[in-house]
Amino acid sequence: MSNDITLVLGATGKSGRRVAARLRLHGTQVRAASRSSATRFDWSDPGGWGPALQGVTAAYVVAPPVPGPVHEFVAQATAAGVRHLVLLSGRGADTWGDSTFGLDMRSAEDAVRGSALEWTVLRASNFNQNFTEDIFHAPLVAGELALPAGAVPDPFIDVEDVADAVAAVLAQPGRHAGRIHELTGSRALTFAEAVELISRASGLPISYTEVSPAEYATALVEEGWGVQDAHHVAEMFVLMQRGLMREPTDGIATVLGRAPRIFEDYVVRAAAAGAWRP
Ligand SMILES: NC(=O)c1ccc[n+]([C@@H]2O[C@H](COP(=O)([O-])OP(=O)(O)OC[C@H]3O[C@@H](n4cnc5c(N)ncnc54)[C@H](OP(=O)(O)O)[C@@H]3O)[C@@H](O)[C@H]2O)c1
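Here we summarise the structure given alongside this text. (Residues numbered from 1 in each chain as written. Predicted model: local features only at pLDDT ≥ 70, side-chain atom pairs only at ≥ 80, totals over all residues.)

Turning next to the overall build of the protein. A count of helices and strands for the protein gives 13 helices and nine strands. In terms of overall dimensions, the protein is globule-like: its C-alpha atoms have a radius of gyration of 19 Å, near the 19 Å expected for 278 residues. Overall, the protein is about 50 × 35 × 35 Å in size when its C-alpha atoms are taken along their principal axes. Residue burial in the protein is summarised as follows: out of 278 residues, 44% are buried. Summarising the internal contacts of the protein: among those between residues at least 6 apart in sequence, 78% fall at separations of at least 24. (Helix = DSSP H or I, 4+ residues; strand = E, 2+ residues; numbered from the N terminus. Rg over C-alpha atoms; globule rule 2.2 N^0.38 Å. Buried ≥ 20, exposed ≤ 12 C-beta atoms within 10 Å, placed from the backbone. Contact = placed C-beta atoms within 7 Å.)

What follows covers the site of the ligand. Surrounding the ligand, one finds 27 residues, the nearest of these being Gly 13, Ser 15, Ser 34, Arg 35 and Ser 36. Of all the elements in the fold, those that place two or more residues in the shell around the ligand are α1 (14–25) and β5 (84–90). With three residues, the top contributor of residues to the shell around the ligand is α1. Residue classes in the shell around the ligand are distributed as eleven nonpolar, twelve polar and four charged. (Near = placed C-beta within 6 Å. Nonpolar A, V, L, I, M, F, W, Y, C, P; charged D, E, K, R; others polar.)

A word on the nonpolar core. Leu 9, Ala 59, Val 61, Leu 87, Val 112, Leu 122 and Val 166 are the most contacted members of the largest nonpolar core, which totals 78 residues. Considering each element in turn, this core owes the most residues, eight residues, to helix α7 (residues 159–171). Beyond its immediate sequence surroundings of up to four residues, Leu 122 is in contact with Val 86, Leu 87, Leu 88, Ser 89, Val 162, Ala 165, Val 166, His 181 and Leu 183. (Core = buried A, V, L, I, M, F, W, Y, C linked by C-beta atoms within 7 Å.)

Our next topic: the packing of α1 against α7. Put simply, α1 and α7 touch, their axes get as near as 9 Å, and they point 50° apart. Classified by the angle between their axes, α1 and α7 sit oblique to one another. Of the two elements, α1 crosses α7, and the hand of that crossing is right-handed. For the pair α1 and α7, contact is made by Lys 14, Ser 15, Arg 18, Val 19, Arg 22 and Leu 23 and by Val 159, Glu 160, Val 162, Ala 163, Val 166, Ala 167 and Leu 170, respectively. A class-by-class count of the residues in the contact of α1 with α7 yields eight nonpolar, one polar and four charged. (Axes fitted to C-alpha atoms, helices over the stretch in contact; angles between N-to-C directions. Parallel < 35°, antiparallel > 145°, perpendicular 65-115°, else oblique. Left-handed = near helix turned anticlockwise from the far one by under 90°.)

Pairing analysis gives four bridges linking strand β1 (residues 5–8) to strand β2 (residues 29–34), with the strands arranged parallel. If you follow Ile 5 over to β2, its bridge partner there is Gln 29. Bridge count between β1 and strand β4 (residues 56–62): four bridges; the pairing is parallel. Looking across to β4, one finds that Leu 7 is bridged to Ala 59. (Pairing = 2+ DSSP bridges.)

Next up on the list: the sheet that holds β4. Here we have seven strands laid out as an open sheet, ordered β3-β2-β1-β4-β5-β6-β8, and parallel in their pairing. Only two strands of the sheet have a single partner each, and these edge strands are β3 (39–40) and β8 (179–183). Where β4 and β5 come together, five bridges link them in parallel fashion. Looking at the pairing, Val 61 lines up with Leu 87 of β5. Where α7 meets the sheet, it contacts β1, β4, β5, β6 (118–124) and β8, and its direction lies at approximately 170° from that of β6.

At their nearest, the axes of helix α3 (residues 69–80) and helix α4 (residues 103–113) sit 8 Å apart, and the two run at 25° to each other. Comparing the axis directions of α3 and α4 gives the class roughly parallel. Relative to α4, α3 is oriented so that their crossing is right-handed. Between α3 and α4, the contacting residues are Val 70, His 71 and Val 74 on the first element and Ser 107, Ala 108, Ala 111 and Val 112 on the second. Taken together, the residues that form the contact of α3 with α4 break down as five nonpolar, two polar and no charged.

Shown next as structure tokens:
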């Protein structure tokens, strides 16, 4: 095992914990960090980042929920001797200039792309695992997913593929330096089609209902979301309606030399594990 340490931020999250497992399996020393990890890292506490960065040569960066702190992180990482940064960003981050959605991801991209370090940006489309480990899970378990998603399909990506791509980039940072990879699944599905597949595989009567962005934001606020956060999530669907993120890319093939995992594989595995059982 080399002495190089890779810092994994967002290490308890959907991508970070999968990235950490892959790196450890391949013999990389991992420092897993987040607010609740053994190595504490809080984006709102730059004064406390020193121990997380000590001795680190590469970092996987999950953008913070607010814009700004990645600039300070890059400065501290550079001073600490970090050489490589891999940033998770969102598909379309370059096309949302007129909206307030994704300011965090755009700010993080600016910080990483403007750095003197070897960097790679991975812009992923919406994760399959949002249906099991994130915002869409509870509504599916309750039997109805109501979204303002319309008829524009989305090439959902399996976060296992995202983690494979992160690990591949970290294994050969020079090959991917200065590059932005757009990562998607191989086929675009509407949310209604995705819910239909989930309902069929799970054998549960789960339906999709179309609502307006305003109705969706109101429902999120009723669930306890802050007003601004609720509007940001609803705004994502308005941006998706422009259709700029609907086309699958060859990003996974470029990074991994294979096709992306397919949505149906994810659905049958999750259904078999009882993910949507009430
Ligand atoms: N979900 C998608 O479809 C999708 C698609 C493309 C891009 N993205 C981007 O992916 C990122 C999220 O990645 P993910 O889905 O892997 O993570 P996630 O499942 O959303 O989990 C968030 C992670 O960040 C940590 N975290 C939250 N607030 C923090 C703070 N203030 N300081 C330090 N750590 C904090 C959490 O751990 P603690 O609670 O322990 O701190 C957790 O490990 C976001 O930037 C999102 O925009 C998501």
